[in-house]
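Chain by chain, the residues:
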Amino acid sequence: MAPMQGITEAPFRNFFDRYFGGVETYYTPFVRWEHDGIRRKDLRDVSPENNHVPMLVPQILAGSLNEAEQLLAQILPLGYRRIDLNMGCAFPAVAKKAKGCGILPFPEKVGDVLRVVERHPDVSFSVKMRLGYEEPDECLAVLPVLNVANLACVTVHARTGRQQYKGECDRESFRRFAEGCVHPVVYNGDVATREDCERLAEWMPGLGGVMLGRGLLASPWMAAEYRAGKAWGEAERQARMRLFHAGLFDHYAQTLEGGEKQLLMKMKTFWEYLLPDADRKLHKKIHKAQKTADYTEAVFHLLSGEK
Ligand SMILES: Cc1cc2nc3c(=O)[nH]c(=O)nc-3n(C[C@H](O)[C@H](O)[C@H](O)COP(=O)(O)O)c2cc1C
């Protein structure tokens, strides 16, 4: 499961794993250094007592060895021995500081961050990156420093930072990178169906894996169905979706401060991505709801297939 800030947080991952599953590795949204440490909210999100998935990999956003060490000093004591290094974030505020995908035009800075790998031989590191910040061949210039690091895998979102989340994924540039990379390479970007996963495996038999983001939120059963080799029935999909939603809703109703307004705001962020092919009017009703009763009624109808 791809990391998505504000979405694939601990409650989402836990309920997802309980009701859908099929996912081998869950990545946390990136954790970064702010003023004098990691935000309490981010530490809570990576804390083992709040996480109940089989394999969780905390992701850190660091622009230098020093920053990576500061972050690890707070995360490794929690017991993690797998860490993902974010070199893909395209938020302008991040990328302009040569962090996230903004680091990719500077192979020497990438090399500096990767020195953290040698310094923690007991930890297994991976990298998540894009093809480049401005151009899709920047990843090729970074290959020499990636190849000499001891990495578990490299995940590539097959876009540049300039593309953000839009426009075509560039599979040919991804293939060129994968051919030159000595580590297992994981594909990421616009994988929408179980058949897409199967086609990717045929297209590149040596692929190290597929990371699923928006497609998995649109069809949360996708990974489980891929593993099963067949589709679930519509009734099962809906039943699991209702349980998943109820779990998330109850969790946030009990834990979020700020009452109804905060609760609905949080739930609506999930609906930016969940089941986009469901009834449009009901989606609209969910987003317009100001009262919990209106929200739950719209969700009930959407998840029972009624209008
Ligand atoms: C709202 C949102 C938040 C994201 N947050 C992160 C993040 O914290 N770390 C990261 O590496 N990628 C992040 N991404 C990128 C996704 O992990 C993924 O690379 C991207 O959405 C492309 O994959 P997809 O087409 O399967 O969604 C985010 C994407 C979105 C849409």
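Residues numbered from 1 in each chain as written. Predicted model: local features only at pLDDT ≥ 70, side-chain atom pairs only at ≥ 80, totals over all residues.

### Let's talk about unusual backbone geometry
Most peptide bonds take the trans configuration, and most residues that are not glycine carry a negative phi.
Turning to step 1, where the next piece is worked out: Positioned with a positive phi, His35 is a non-glycine residue whose angle comes to about 55°.
Turning to step 2, where the next piece is worked out: Among the structural elements, His35 can be located in the loop between strand E2 (33–34) and strand E3 (37–38).
Turning to step 3, where the next piece is worked out: The residue Gln164 is not glycine, and still its phi comes out positive at about 55°.
Turning to step 4, where the next piece is worked out: Using a count of 13 C-beta atoms within 10 Å as the deciding quantity, one classes Gln164 as partly exposed. (Helix = DSSP H or I, 4+ residues; strand = E, 2+ residues; numbered from the N terminus. Buried ≥ 20, exposed ≤ 12 C-beta atoms within 10 Å, placed from the backbone.)

### What to know about the site of the ligand
Turning to step 1, where the next piece is worked out: Every one of the 22 residues lining the ligand counts as a neighbour, but Ala2, Met4, Pro29, Gly213 and Arg214 are closest to it.
Turning to step 2, where the next piece is worked out: Taken together, the residues that form the shell around the ligand break down as 10 nonpolar, nine polar and three charged. (Near = placed C-beta within 6 Å. Nonpolar A, V, L, I, M, F, W, Y, C, P; charged D, E, K, R; others polar.)

### Description of helix H11 (residues 234–255)
Because the α-helix completes a turn every 3.6 residues, residues three or four places apart line up on one side.
Turning to step 1, where the next piece is worked out: A rise of 1.5 Å per residue sets the reference length of H11, with its 22 residues, at 32 Å; its end C-alpha atoms lie 32 Å apart and thus fit the reference within 8%.
Turning to step 2, where the next piece is worked out: Those residues of H11 not exposed but buried are Met241, Phe244, His245 and Leu248. Seen end-on, H11 carries its buried residues on one side only, within an arc spanning 95°. Seen from the open side of H11, the exposed residues pointing more than 90 degrees away from its buried face are Ala235, Glu236, Asp250 and Gln254.
Turning to step 3, where the next piece is worked out: Contacts from the buried residues of H11 go to helix H1 (10–19), helix H12 (259–271) and helix H14 (292–303). (Expected span 1.5 Å × (residues − 1). Arc of directions from axis to C-beta. Contact = placed C-beta atoms within 7 Å.)

### Notes on the domain arrangement of the chain
Many structure descriptions define interface size as the accessible area lost when the parts assemble.
Turning to step 1, where the next piece is worked out: What the domain assignment reports for the chain is domain 1 (10–228) and domain 2 (234–303).
Turning to step 2, where the next piece is worked out: Using C-alpha coordinates to define each centre, domain 1 is positioned 28 Å away from domain 2.
Turning to step 3, where the next piece is worked out: In this assembly, 11 residues from domain 1 lie in contact with 12 residues from domain 2.
Turning to step 4, where the next piece is worked out: Every element with two or more residues in the side of domain 1 that touches domain 2 is listed here: H1 and helix H9 (214–218).
Turning to step 5, where the next piece is worked out: No other element matches H1, which puts five residues into the side of domain 1 that touches domain 2.
Turning to step 6, where the next piece is worked out: Here the residues of the side of domain 1 that touches domain 2 are counted per class, giving 10 nonpolar, no polar and one charged. (Domains from an automatic or database assignment.)

### As for the pairing of strand E9 (residues 185–188)
Turning to step 1, where the next piece is worked out: Residues Val185 and Tyr187 line one face of E9 and the alternating positions Val186 and Asn188 line the opposite face, and both faces are buried.
Turning to step 2, where the next piece is worked out: Examined bridge by bridge, strand E8 (residues 151–160) and E9 share four bridges and lie parallel to one another. Looking at E9, one finds that Thr155 is bridged to Val186.
Turning to step 3, where the next piece is worked out: Considered for its hand, the β-α-β crossover made up of E8, helix H7 (residues 171–180) and E9 is right-handed.
Turning to step 4, where the next piece is worked out: Alignment of E9 against strand E10 (residues 209–211), held across three bridges, turns out to be parallel. (Pairing = 2+ DSSP bridges. Right-handed = clockwise from strand over helix to strand, strands pointing away.)

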